Amino acid sequence: MWIIKTEHIRDADGGTAALELETEDNLLDVNVRWDGCMEIFLYSLTEENRELQDKFHTCDLKGLITQLQTLDGICGTYFNEGSYWEREEQNHDETEFVFWNR
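Just so you know, these numbers come straight off a predicted model, no measurement behind them.

This paragraph deals with the overall build of the protein chain. In terms of helices and strands, the protein chain carries 1 helix and 6 strands. When its helices and strands are written in sequence order, the protein chain yields β-β-β-β-β-α-β. Across the 102 residues that make up the protein chain, the buried fraction comes to 21%. Considering only contacts within the protein chain whose residues lie at least 6 apart along the sequence, 18% involve residues at least 24 apart. As presented, the protein chain carries roughly 8200 Å² of accessible surface, and 51% of it is formed by carbon and sulfur atoms.

What follows is the structure, encoded as structure tokens:
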């Protein structure tokens, strides 16, 4: 589930200019703008803290998703029994949002 931490509103017309989101498990943070550009922050969690592992910027989320799906398919072809790709697929189609504040 995605939690919307902050919604940034445009002064001119009151539309949404940007969103700050994070996943419920605190492994991802995303700052996304109205134009489709975004920064994605990947974290690792330990008992002691939450540590930034990587971040990247994209203005083509759909293209990135397509590339990652093709990567997943290639990996599934080359790695078989006992690998990560042998696991049953999980359904991630449901989209849920929770507002912390507005």
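Looking now at the pairing of strand β1 (residues 2-9). Here β1 runs beside strand β2 (residues 16-23); their pairing, made up of 7 bridges, is antiparallel. Bridge pairing in β2 links Ile-9 to Thr-16. What sits between the antiparallel neighbours β1 and β2 is a turn of 6 residues, in which Gly-14 has the positive phi angle 80 degrees.

On to unusual backbone geometry, then. We note that Asn-26 has phi near 65 degrees; this positive angle belongs to a residue other than glycine. Its location among the elements puts Asn-26 in the loop between β2 and β3 (28-33). Classification of Asn-26 by relative accessible area gives partly exposed; the value is 29%.

Quick look at the pairing of β2 now. Sheet topology places β2 next to β3; 5 bridges connect them, and they run antiparallel. Paired with Leu-21 across the two strands is Val-30, which belongs to β3.

One pass over the full model with this rule turns up 1 disulfide. Paired through a disulfide, Cys-37 and Cys-59 show a sulfur-sulfur distance of 1.9 Å. Its torsion about the S-S bond being 110 degrees, the disulfide of Cys-37 and Cys-59 is classed as right-handed. On the criterion of sequence distance, the pair formed by Cys-37 in the loop between β3 and β4 (38-45) and Cys-59 in the loop between β5 (50-58) and α1 (61-78) is long-range, its members being 22 residues apart. A relative accessible area of 9% means that Cys-37 is categorised as buried.

A few words on the packing of aromatic side chains. Applying the stated criterion across every chain yields a total of 2 aromatic pairs. On the numbers, 5.3 Å between centres and 20 degrees between planes, the contact of Phe-79 with Trp-85 is stacked. The class of Phe-79 is partly exposed, set by a relative accessible area of 44%. The exposure class assigned to Trp-85 is partly exposed, which follows from its relative accessible area of 33%. Their ring planes at 80 degrees and their centres at 5.1 Å tell us that Tyr-84 and Trp-85 sit as a pair that is edge-to-face. By the ring-pair criterion, three or more aromatic residues cluster together here, those being Phe-79, Tyr-84 and Trp-85. If you follow Arg-50 out to its NZ or CZ, it ends over the ring of Tyr-43, 3.6 Å from the centre.

What counts as what
- Residues numbered from 1 in each chain as written.
- Predicted model: local features only at pLDDT ≥ 70, side-chain atom pairs only at ≥ 80, totals over all residues.
- Heavy atoms only, no water.
- Helix = DSSP H or I, 4+ residues; strand = E, 2+ residues; numbered from the N terminus.
- Buried < 20%, exposed > 50% of the residue type's maximum accessible area, 1.4 Å probe, protein only.
- Contact = heavy atoms within 4.5 Å.
- Areas by Shrake-Rupley, 256 points an atom, 1.4 Å probe, with all protein chains shown as cover.
- Pairing = 2+ DSSP bridges.
- Disulfide = S-S within 2.5 Å.
- Phe/Tyr/Trp six-rings, centres within 6.5 Å; stacked < 30°, edge-to-face > 60°.
- Lys NZ or Arg CZ within 6 Å of the ring centre and 35° of its normal.

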